[in-house]
Amino acid sequence: HQVIMDYACFTVEEVLKQFFAPLRMEAPTSFETIDHVAHINLRDAYLPYKRLIAQVILDKNSPRIRTVVNKTGNIETRFRTFPLEVLAGENNLEVSVRESGATFHFNYAEVYWNSRLSTEHGRLIHSITKQFQARHPRSPLASCVVWDVFAGVGPFAVPLGVRGCIVHANDLNPRSHHYLLANISKNKVDSHVTPYNEDGRIFLREQARRRLPVHHVIMNLPASALEFLDVFAAIRERGEEGKEEKEGEGLF
């Protein structure tokens, strides 16, 4: 009996290893999955073979994967987006993602999203709720107030709202704000999450002006979040006189 092994019998790694071995190159097989989209980050040496790589990934992961994209530049815009090129499959970057007990819809090309941060998202959400419950054991989570200064499409704000926290969620990107609104509605947290579309400094100053308690501030902007800390110093300095909040009730 003769056994015939064709293309369908091999995995992505096996196919690409066979192709790249004669070139003395490692097979690029890792990618991030966002709903039906596979996102690969190819180094320059692999760019001449980018469509072949993408087609193999598509073939071997269909129908779960329907689109393969490659990042063509760095995060350089003020909205933290990066340019993408569709290499194989449908030209469709509208995705839905389930994370931390919430569902998110967005266009992957228009906003910042990193599925590899899902564990960190969940860790911080858990930490915020547990810390509040430990410090205020007799208070419901509806008394926990969070400012999410760079909220994106809501990976922190919406799940916190689902858990009952009050969240003021801001993002400068109009498209992030658009999808944040949609995700608030989709997850039915309209009464818990209030969206804003402002510069982070303006958002912080406006929230502080209201002189309401706040228990946690999330600033998920690794490259430049530290540049906003002077706002907190100015807020605290202005708020020292006539401060009515009890010690421990808020950050300011």
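Preceding this section is the structure that the text describes.
Residues numbered from 1 in each chain as written. Predicted model: local features only at pLDDT ≥ 70, side-chain atom pairs only at ≥ 80, totals over all residues. Heavy atoms only, no water.

A. Structural detail: the packing of aromatic side chains. Tallied over the full model, the rule gives 8 aromatic pairs. Ring centres of F19 and F20 lie 5.0 Å apart, and the angle between their planes is 85°; this geometry places the pair in the edge-to-face category. Overall, F19 belongs to the partly exposed group, its relative accessible area being 31%. Seen from their ring centres, F150 and F228 are 5.1 Å apart, and the 70° between their planes marks the pair as edge-to-face. Placement of F150 in the loop between β7 (145-148) and α4 (157-162) and of F228 in the loop between β10 (216-218) and α7 (229-239) is noted, with a sequence separation of 78 residues between them. Across this residue pair, the class does not change: F150 and F228 are buried. Counting every residue linked through ring pairs, the aromatic cluster contains F19, F20, Y46 and Y49. Lying across the ring of Y7, K60 places its NZ or CZ 4.0 Å from the centre. Sitting over the face of the ring of F228, R201 holds its NZ or CZ atom 5.3 Å from the ring centroid. (Phe/Tyr/Trp six-rings, centres within 6.5 Å; stacked < 30°, edge-to-face > 60°. Buried < 20%, exposed > 50% of the residue type's maximum accessible area, 1.4 Å probe, protein only. Helix = DSSP H or I, 4+ residues; strand = E, 2+ residues; numbered from the N terminus. Lys NZ or Arg CZ within 6 Å of the ring centre and 35° of its normal.)

B. Quick peek at unusual backbone geometry. Of note, the amide linkage connecting S62 to P63 takes the cis form, showing an omega dihedral of 5°. Even without being a glycine, D35 presents a positive backbone phi close to 60°. Considering the arrangement of structural elements, one finds D35 in the loop between β1 (32-34) and β2 (37-40). Given the relative accessible area of 37%, D35 is considered partly exposed.

C. Helix α5 (residues 174-186), seen in detail. Taking 1.5 Å per residue as the helical rise, α5 with its 13 residues ought to reach 18 Å, and the 18 Å between its terminal C-alpha atoms agrees with that figure. All of the buried residues in α5 are S176, H177, Y179, L180, N183 and I184. The arc enclosing the buried residues of α5, seen along the axis, measures out at 170°, which places them on a common side. Structurally, α5 contributes buried residues whose contacts are with β5 (94-99), β6 (102-107), α4, β8 (166-170) and β9 (193-196). Sitting at the head of α5, N173 places a side-chain oxygen 2.9 Å from the backbone nitrogen of R175. The first or second residue beyond α5 is K188, which carries a positive phi of 55°. (Expected span 1.5 Å × (residues − 1). Arc of directions from axis to C-beta. Contact = heavy atoms within 4.5 Å. Polar contact = N/O pair within 3.5 Å; in protein donor to acceptor, adjacent residues only side chain to side chain.)

D. Focus on the packing of helix α1 (residues 12-20) against helix α2 (residues 50-61). The N-to-C vectors of α1 and α2 enclose an angle of 155°; their axes lie 9 Å apart at closest approach. Judged by the inter-axis angle, α1 sits roughly antiparallel to α2. As α1 runs across α2, the sense of the crossing is right-handed. Touching V12, V15, L16, F19 and F20 of α1 are L52, I53, V56, I57, K60 and N61, all from α2. (Axes fitted to C-alpha atoms, helices over the stretch in contact; angles between N-to-C directions. Parallel < 35°, antiparallel > 145°, perpendicular 65-115°, else oblique. Left-handed = near helix turned anticlockwise from the far one by under 90°.)

E. View of the layout of surface pockets. Size it by volume and the largest pocket reaches roughly 380 Å³. If you go around the largest pocket, you meet 27 residues; those closest to its centre are R80, F150, D171, N220 and L221. Tallied by class, the residues present in the lining of the largest pocket amount to 13 nonpolar, 9 polar and 5 charged. (1 Å grid on protein atoms, 1.4 Å probe; cavity = no way out; pocket = protein on both sides within 12 Å on 5 of 7 lines; lining within 4 Å. Points joined across faces, edges and corners; volume = space filled by probe spheres on them. Nonpolar A, V, L, I, M, F, W, Y, C, P; charged D, E, K, R; others polar.)

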